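One-letter residues, chain by chain:
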Amino acid sequence: MEKPKILVFTTAYHPFIGGAEIAIREITRRLKDRFNFYIITSRFNRHLPRREVLPEGTVIRIGLGTRFDKSLLPFACTKLSLVQNAAVLGVDISQGSIAAAIFKIFHPKTPFIFNIQFGESEKRLRRGRGGIISLMFRFILSRADYVTAISTYLLDLARRYGYGGPGEVIPNGVDAVAYKTDRPPGTYRSYRIITTSRLVQKNGIDILIRAIAEVRKTIPDAECWIIGDGPERKNYESSIKNQGLENNIKIFGAVPHEKIPEYLHQADIFVRPSRSEGMGNSFVEALAAGLPIIGTPVGGITDIIEDNKTGLFAKTDDPQNLAEKIVRLLKDQELSLRIVRAGQKMVGERFSWDKIAETYNLLFQAKLGTYFKLSLEQQRPLRLLVATPLYPPEIGGPALYAKNLGEEFKKAGQDIYISSFGGFLRYPSIVRHLLYFGALLRRVVKSDVIFALDYTSVGFPAALASFLFRKPLVIRVEGDFLWESFVEPT
């Protein structure tokens with residue numbers, strides 16, 4: 001029999017490699033004998049073939065070979081027809097997963113798994129691109145049949161944005177063999193701190209630079225290697241020069257991922273004082289390379305660092321506190337040894353690509369129909385969104401009906417959300433309808449069923465929201481209005 005198909009939608013892929021792309025490659029190469037993988041991505045470069053067969057599967061590149069191709073991805077995906085005996089995997093909060101969600105609209109019976117790898121701050125999620133990122137996140141969640149997230153923080157984030165379906169945490173992993181070193185854990189060759197980070201504001205490299213200035217007061221020979229590149233590089237280079245740290249800090253720029261272990265093996269401790277983090281795979285790689293780690297208690301880092309056991313926590317945006325933690329690790333090799341041993345044990349148990357790939361294998365099989373059962377913990381009350389023209393203290397039959405209906409459903413143990421058009425009547429005609437539709441959309445993603453109490457002012461926007469977010473819709477047609485419409489003279 002033909003192997004089942006997995007359609008992987010990702011904004012970027014080979015040769016454009018980042019954390020999400022590495023995860024796709026590692027998982028698909030381990031499961032290629034069980035599934036036929038089709039990786040649908042942006043082309044970005046006109047020299048890249050539109051279709052290419054790699055060891056992990058077939059890569060289908062969408063676009064003309066420009067940086068705008070990612071904007072075409074959500075629309076071009078509708079032409080794909082690889083849906084028989086298939087499941088869809090959308091990776092990251094990006095155009096790739098938007099494409100997967102749109103694909104789901106056209107192929108509603110195809111299971112859609114949404115993998116969340118977002119590493120930016122929640123502020124960026126809420127306000128990015130004028131709120132479009134937040135809206136698209138809700139849209140993707142509304143189409144997903146199952147959600148996987150690389151950290152507990154990100155799965156909780158999906159819940160807070162209205163996702164009520166099944167999901168689980170499946171972290172990214174590390175190739176422990178590639179990072180293995182013969183160097184005994186906890187032994188130092190120098191006072192060398194290292195970070196592998198994109199040079200962006202969220203990773204807090206500015207805080208690390210200021211902390212090294214403090215560390216130098218206690219350990220003059222301390223040095224810091226910064227592996228990575230990004231838009232903040234010139235600012236960091238200026239800061240290093242202004243503080244006279246040229247002999248203590250070196251920025252290497254971008255380094256191929258396969259070369260990272262060579263740099264880690266020459267360092268003594270790993271530090272990244274992040275302001276936000278989806279997971280922080282660099283911390284796992286550092287532990288696999290035999291380095292103790294220091295991070296901040298934000299985002300997914302809390303899944304990796306248990307303070308004083310698998311790493312040390314430093315306060316966010318506090319260079320003095322970070323410097324104290326760095327000095328502590330550089331001077332206490334017994335503590336470093338304990339952290340490395342506990343950390344490497346954790347890496348083997350939780351971050352092995354073989355184990356992660358097997359988890360996805362079971363998930364793909366489940367969603368393709370081999371088996372799938374919801375646990376008792378995933379059962380919950382029905383969430384009903386009542387779209388009503390009026391609601392108390394406004395006066396009228398629909399207002400009283402909506403109020404009584406809500407009370408009865410609450411007595412039955414269900415969750416009720418009310419979205420009243422009456423609160424927008426003070427605005428001009430077109431404006432009030434647009435504002436109400438926006439308010440309705442924000443509540444639709446948290447609901448299981450929409451119940452509209454008329455077919456005009458709230459019925460039409462409810463029908464549109466039902467179509468966009470794949471929610472069942474019930475419309476109540478009021479007799480009085482129909483009677484008046486047909487018997488009164490025009």
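Above this text you will find the structure in question.
Here's a quick rundown of the structure. (Residues numbered from 1 in each chain as written. Predicted model: local features only at pLDDT ≥ 70, side-chain atom pairs only at ≥ 80, totals over all residues. Heavy atoms only, no water.)

1. Things to note about the side chain of Asn172
Note the cut-off: Secondary structure counts use DSSP, requiring at least four H or I residues in a row for a helix and at least two E residues in a row for a strand, with both numbered from the N terminus. Three labels apply to residues, based on accessible area from a 1.4 Å probe with only protein chains included: buried if under 20% of the type maximum, exposed if over 50%, partly exposed otherwise in between. Two N or O atoms count as a polar contact when they lie within 3.5 Å, although within protein this holds only if one can serve as hydrogen donor and the other as acceptor, and sequence-adjacent residues are included solely when both atoms are side-chain atoms. Contacts were defined at the residue level, with two residues in contact if any of their heavy atoms lie within 4.5 Å.
Within the element layout of this structure, Asn172 appears in the loop between strand S8 (167-169) and helix H7 (176-179). For Asn172, a relative accessible area of 6% corresponds to the buried category. Of note is the side chain of Asn172, whose polar atom sits 2.8 Å from the side chain of Gln117. Residues contacting Asn172, with those up to four places away along its chain left out, are Gly19, Ala23, Gln117, Ile150, Met279, Asn281, Phe351, Trp353 and Ile356.

2. A few points about the sheet that holds strand S3 (residues 51-54)
Just so we agree on the cut-off: Pairing between two strands is assigned when DSSP locates at least 2 bridges connecting them. Between N-to-C directions, angles cover 0 to 180 degrees, with each direction set by a line fitted to C-alpha atoms, over the stretch in contact for helices.
Spatial ordering of the open sheet is given by S3-S4-S2-S1-S5-S6-S7-S8, a layout of 8 strands whose pairing is mixed. Looking at which strands have only one partner, the edges of the open sheet turn out to be S3 and S8. Going from strand to strand, the sheet's axes swing by 20 degrees on average, the running direction of each strand aside. As paired strands, strand S7 (residues 146-149) and S8 are joined by 3 bridges and run parallel to one another. Directly across from Thr148, in S8, lies its bridge partner Glu168.

3. Let's talk about the packing of helix H16 (residues 429-444) against helix H17 (residues 459-469)
The line we're drawing: Under this scheme an angle from 65 to 115 degrees is roughly perpendicular, one under 35 degrees roughly parallel, and one over 145 degrees roughly antiparallel; angles in between are oblique. Left-handed describes a crossing in which the near helix is turned anticlockwise from the far one by less than a right angle; the clockwise case is right-handed. By the convention adopted, Pro, Cys, Tyr, Trp, Phe, Met, Ile, Leu, Val and Ala count as nonpolar, Lys, Arg, Asp and Glu as charged, and the other residues, Gly among them, as polar.
With their axes 10 Å apart at the nearest point, H16 and H17 run at an angle of 40 degrees to one another. With respect to each other, H16 and H17 are oriented oblique. For the pair H16 and H17, the crossing hand works out as right-handed. In this structure, H16 uses Tyr436, Phe437, Leu440, Leu441 and Val444 to contact H17, whose residues at the interface are Pro461, Ala462, Leu464, Ala465, Leu468 and Phe469. The class makeup of the residues in the contact of H16 with H17 is 11 nonpolar, no polar and no charged.

4. Things to note about the packing of helix H5 (residues 132-143) against H17
Direction vectors running N to C along H5 and H17 enclose 70 degrees, while the axes themselves pass 9 Å from each other. Regarding the angle of H5 to H17, the classification is roughly perpendicular. Residue-level contacts link Arg138, Phe139, Ser142 and Arg143 of H5 to Phe467, Leu468 and Phe469 of H17.

5. Observations regarding the sheet that holds strand S10 (residues 223-227)
The strand order across the open sheet built from 6 strands is S11-S10-S9-S12-S13-S14, with neighbouring strands paired in parallel fashion. In this open sheet, the two strands that pair with only one neighbour each are strand S11 (249-253) and strand S14 (312-313).

6. Thoughts on the nonpolar core
Which entries qualify depends on this criterion: Nonpolar cores are built from buried Ala, Val, Leu, Ile, Met, Phe, Trp, Tyr and Cys residues. Side-chain atoms within 4.5 Å join them into one set.
One finds Phe9, Phe114, Ile116, Phe137, Ile304 and Ile326 to be the most contacted residues of the largest nonpolar core, which totals 114 residues. At 8 residues, helix H8 (residues 205-218) tops the list of elements feeding residues into this core. Setting aside anything within four residues of it in sequence, one finds Phe137 in contact with Ile93, Phe114, Ile116, Leu125, Leu157, Ala158 and Tyr161.

7. Quick look at the environment of Arg341
Within the secondary structure layout, Arg341 lies in helix H13 (residues 333-350). Given a relative accessible area of 55%, Arg341 falls into the exposed group. Expressed as a C-alpha distance, the spacing of Arg341 and Arg183, which sit 158 residues apart in the sequence, is 13 Å.

8. A few points about the pairing of strand S15 (residues 383-388)
On a regular strand, each side chain points to the face opposite its neighbour's, so the side chains alternate between the two faces of the sheet. Counting buried positions along S15 gives 6 out of 6 residues, so the element sits mostly inside the fold. The pairing of S15 with strand S16 (residues 415-420) spans 6 bridges and is classified as parallel. The partner of Ala387 across the bridge, within S16, is Ser419. Pairing of S15 with strand S17 (residues 449-452), which is carried by 4 bridges, proceeds in the parallel orientation. Across the sheet, residue Leu384 finds its bridge partner in S17, namely Val449.

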